[in-house]
Amino acid sequence: TQITGEVNAKGNKGGNVDILGDKVTLASAAHIDVSGLKGGGNIHVGGEYQGKGALKTARHTTVENGATLKADALQSGNGGRVIVWAND
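Our subject in this report is the structure included herewith. (Residues numbered from 1 in each chain as written. Predicted model: local features only at pLDDT ≥ 70, side-chain atom pairs only at ≥ 80, totals over all residues. Heavy atoms only, no water.)

Looking at unusual backbone geometry
And step 1. The phi torsion at Q50 lies on the positive side, around 55°, for a residue other than glycine.
And step 2. Within the secondary structure layout, Q50 lies in the loop between β6 (42-45) and β7 (60-63).
And step 3. The partly exposed category is assigned to Q50, whose relative accessible area is 40%. (Helix = DSSP H or I, 4+ residues; strand = E, 2+ residues; numbered from the N terminus. Buried < 20%, exposed > 50% of the residue type's maximum accessible area, 1.4 Å probe, protein only.)

Structure (structure tokens):
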């Protein structure tokens, strides 16, 4: 799975984006944003926290220099979670 552009799940409360596959790459132009006015959302790249949970885990994950991942609370609330995982 390769992301080379923008993935946007912004809103009142940030959304959720799961980028999964055996080999996951976020290219330098990748921009993933799950920010929300009242709290950030969740980004999972290659799996869940510590590779646990129901999401498929990646064997290899690459985040190139210049890629951005945002899960900000823009006005109030807590920021979200950004997880990047690979088994190898």
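Back to the write-up after that little detour.
Comments concerning the nonpolar core
And step 1. In this structure, I19, L26, I32 and V45 are the most contacted members of the largest nonpolar core, which totals 13 residues.
And step 2. Every element with two or more residues in this core is listed here: β3 (16-19), β4 (23-26) and β6.
And step 3. The residues contacting I32, other than those within four sequence positions of it, are V7, V17, I19, L26, I43, T68, L69 and K70. (Core = buried A, V, L, I, M, F, W, Y, C linked by side-chain atoms within 4.5 Å. Contact = heavy atoms within 4.5 Å.)

Focus on the side chain of T25
And step 1. Assignment of secondary structure puts T25 in strand β4.
And step 2. Discounting residues that sit within four places of it in the chain, T25 has contacts with T1, Q2, I3, T62 and E64.

Details of the pairing of β3
Note on strand geometry: in a regular strand, side chains alternate between the two faces of the sheet.
And step 1. Alternating positions in β3 separate cleanly, V17 and I19 being buried on one face and N16 and D18 remaining unburied on the opposite face.
And step 2. Of the strand pairs in this sheet, β3 and β6 are connected by 4 bridges, and their pairing is parallel. Opposite V17, over in β6, you have I43 as the bridge partner. (Pairing = 2+ DSSP bridges.)

Quick word on the pattern of salt bridges
And step 1. Under the definition given, this model contains 1 salt bridge.
And step 2. Here R59 makes a salt bridge to D22, at a shortest N to O gap of 2.8 Å. Of this pair, R59 sits in the loop between β6 and β7 while D22 sits in the loop between β3 and β4; the two residues are 37 residues apart in sequence, bridging distant segments of the chain.
And step 3. According to the relative accessible area criterion, D22 is partly exposed, its value standing at 35%. (Salt bridge = Lys/Arg side-chain N within 4 Å of Asp/Glu carboxyl O.)

Quick notes on the sheet that holds strand β1 (residues 2-3)
And step 1. Taken together, the 3 strands give an open sheet; going across it, the order is β1-β4-β7, and neighbouring strands pair in parallel fashion. With partners counted over all chains shown, the strands left at the sheet margins are β1 and β7, one partner each.
And step 2. Both β4 and β7 contribute to a ladder of 4 bridges, which runs parallel. In the sheet register, K23 faces β7, and the bridge partner there is H60.

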